[in-house]
Amino acid sequence: MERHYMDSKIKGVSTGVSNVNYVCSKTINKLIQVHDRIFCCIAGSLADAQAVTKTAKFQISLHSIQMESPPLVKAAASVMKELCYNNKEELQAGFITAGWDKKKGPQVYTVALGGMLLSLPFTIGGSGSTYIYGYTDAKYKPDMSREECLQFATNALALAMGRDNVSGGVAHLVVITEGGVEHVVIPGDKLPKFHDE
Amino acid sequence: MREGLKTQDGGIQYDLSASTFSPDGRVFQVEYAMKAVENSSTAIGIRCKDGVVFGVEKLVLSKLYEQGSNKRIFNVDRHVGMAVAGLLADARSLSEVAREEASNFRSNYGHNIPLKHLSERVAMYVHAYTLYSAVRPFGCSFILGSYDQDDGPQLYMVDPSGISYGYWGCAIGKAKQAAKTEIEKLQMKDMTCRELVKEVAKIIYIVHDEVKDKAFELELSWVGEVTNGKHELVPKDVREEAEKYAKDSLEEEDDSDEENM
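Residues numbered from 1 in each chain as written. Chains lettered and ligands numbered in written order. Predicted model: local features only at pLDDT ≥ 70, side-chain atom pairs only at ≥ 80, totals over all residues. Heavy atoms only, no water.

## Considering the overall build of chain A
(1) Moving on: On a plain count of helices and strands, chain A comes out with four helices and 12 strands.
(2) Moving on: Put simply, chain A has 197 residues, and 50% of those count as buried.
(3) Moving on: Split by element, the accessible area of chain A, about 9,700 Å² in all, is 53% carbon and sulfur. (Helix = DSSP H or I, 4+ residues; strand = E, 2+ residues; numbered from the N terminus. Buried < 20%, exposed > 50% of the residue type's maximum accessible area, 1.4 Å probe, protein only. Areas by Shrake-Rupley, 256 points an atom, 1.4 Å probe, with all protein chains shown as cover.)

## Comments concerning the sheet that holds strand β8 (residues 105-111) of chain A
All names here are of chain A.
(1) Moving on: Spatial ordering of the open sheet is given by β5-β6-β7-β8-β9, a layout of five strands whose pairing is antiparallel. Where the open sheet ends on each side, the last strands, each with one partner, are β5 (31-35) and β9 (117-120). The mean angle between the axes of side-by-side strands here comes to 25°, regardless of whether they run parallel or antiparallel.
(2) Moving on: As defined by bridge partners, strand β6 (residues 38-44) adjoins strand β7 (residues 93-101) across seven bridges and the pair is classed as antiparallel. (Pairing = 2+ DSSP bridges. Axes fitted to C-alpha atoms, helices over the stretch in contact; angles between N-to-C directions.)

## Considerations on the sheet that holds strand β4 (residues 80-86) of chain B
Residues and elements named next belong to chain B.
(1) Moving on: Across the sheet, five strands lie side by side as β3-β4-β5-β6-β7; this open sheet has antiparallel pairing. Either end of the sheet is taken by a strand with one partner, and the two such strands are β3 (73-77) and β7 (164-166). In this sheet, adjacent strand axes meet at a mean angle of 25° when their direction is disregarded.
(2) Moving on: Two strands pair when backbone bridges link them, and strand β6 (residues 152-158) and β7 are joined in this way by three bridges, in the antiparallel orientation.

## A word on the pattern of salt bridges
Residue and element names in this part refer to chain B.
(1) Moving on: Under the criterion given, the structure shown has 23 salt bridges over all chains.
(2) Moving on: Taking the shortest distance from any N to any O, the salt bridge between Arg26 and Asp24 comes out at 3.6 Å.
(3) Moving on: A relative accessible area of 42% places Asp24 in the partly exposed class.
(4) Moving on: In this structure, Glu38 and Lys176 form a salt bridge, with 3.7 Å as the shortest nitrogen-oxygen distance. In this pair, Glu38 is assigned in helix α1 (residues 28-38) and Lys176 in helix α4 (residues 176-184), connecting sequence segments 138 residues apart.
(5) Moving on: According to the relative accessible area criterion, Glu38 is partly exposed, its value standing at 37%. (Salt bridge = Lys/Arg side-chain N within 4 Å of Asp/Glu carboxyl O.)

## Section: the interface of chain B and chain A
(1) Moving on: Taken together, the contact between chain B and chain A spans 11 residues of the former and 12 residues of the latter.
(2) Moving on: The junction of chain B with chain A conceals about 960 Å² of combined surface from both sides, 51% of it contributed by carbon and sulfur atoms.
(3) Moving on: At the boundary of chain B with chain A, the tally comes to two salt bridges.
(4) Moving on: Its salt-bridge partner being B:Asp150, residue A:Lys103 comes within 3.3 Å of it at the nearest N-O pair.
(5) Moving on: Linking chain B with chain A are six residue pairs in polar contact (both at pLDDT 80 or more).
(6) Moving on: Broken down by secondary-structure element, the contributors of at least two residues to the side of chain B that touches chain A are α2 (88-109) and α3 (115-128) of chain B.
(7) Moving on: When residues in the side of chain B that touches chain A are grouped by element, the largest group, four residues, is from α2(B).
(8) Moving on: Residues belonging to the side of chain B that touches chain A are distributed by class as follows: three nonpolar, five polar and three charged. (Contact = heavy atoms within 4.5 Å. Buried area = accessible area lost by both parts, 1.4 Å probe. Polar contact = N/O pair within 3.5 Å; in protein donor to acceptor, adjacent residues only side chain to side chain. Nonpolar A, V, L, I, M, F, W, Y, C, P; charged D, E, K, R; others polar.)

## Observations concerning the side chain of B:Ser119
All names here are of chain B.
(1) Moving on: Along the chain, Ser119 falls in helix α3.
(2) Moving on: The class of Ser119 is buried, set by a relative accessible area of 0%.
(3) Moving on: Ser119 has contacts with Leu144, Tyr156, Val158 and Ser164, leaving out every residue within four places of it along the chain.

## So, the side chain of B:His231
All names here are of chain B.
(1) Moving on: Secondary-structure assignment places His231 in the loop between β9 (216-224) and β10 (232-233).
(2) Moving on: Assessed through its relative accessible area of 3%, His231 is described here as buried.
(3) Moving on: Polar contacts involving the side chain of His231 include one to the side chain of Asn75, which spans 2.9 Å.

Below, the structure written as structure tokens:
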């Protein structure tokens, strides 16, 4: 999921990947860096998602070199969207693209399965997201501080991982600001506990 | 001196195709293409504090000419305008190329194409036609101008060799030297579009040769804060005011010349 607070973005993902009958890995990093200040959260078929992000990363890198400046988050999200929309028959992957650029500061975009591109203040995705729509809608407020935002993301991830049988493992968070990128990794047992556990 | 065509002794000709250099390192076909631009009437573009203004001297060759037709200024994208000089058919085809570039960029990257990138892409296209003997270079130069909230006003010029440079003011066509002299007199960095429109009209009137070319129609366009970032032909009342200013300034100069005599 993504949120943005005043001057930076926080993205968080859980790390479960499953085949039809079993969870094949509990330790996948689903936060892909597509440029210095732009990350993508991937969901859906990870094979498709990896293929798309690898292609997008190349295209965005070339675009940035041609423009002689860091890419706009909107441009990166548009590249993902073009790939998803033009190949919608074959692909089954959704993305959350977020980052920081000089023109508009921190931004969050979601690219849905068929290639719809939306700009939002915050968004959630993946199989576990269905369990936390209520929580995130209720608890989100604009202009949160970095700590509030981190706490919000961590709580939301913990709740989703608690309820969804194919989500779980480790929580990865990334804080993106003008100054740089910071990774926060929270193992499953260190996540906040809620009353059901 | 026309070195390309050698004499009857059967010497080698260096100017028959764009894929041949001359011994002193020139590609004559490209130079001849630039001559085609110099035969055309003048077009100027000037960048100011809050926008870009284009002015084109359109020579009227016939009494049957319909006013406002045969445009020499094109819209390439909402925020980009293009003024041309040279072979008009070549220019029109290049304006389509520029439109496609701008459109594809928006499709892929979700935002307006930066003018520097657009002019580099079109310049690359023009350059490609200077490499092969199977095609001829484009016989036109053009000036691209745009206005954007973040980058401000931008002005680029592309010539038949495929070079693109950024400018504060530039001129192409038969009176480009005279026009450049007039442009250099302006303090365009401190002017607004409204002030500049009048000066552009005046410059076109000044460089127009009454003796050789009879009637002309002035085509004026602008893009800037005044138009909210949209490139469009200057509205009728502004154009009339600008033309009046231009004509009055010329009369003043004529009068003062007479006084000096």
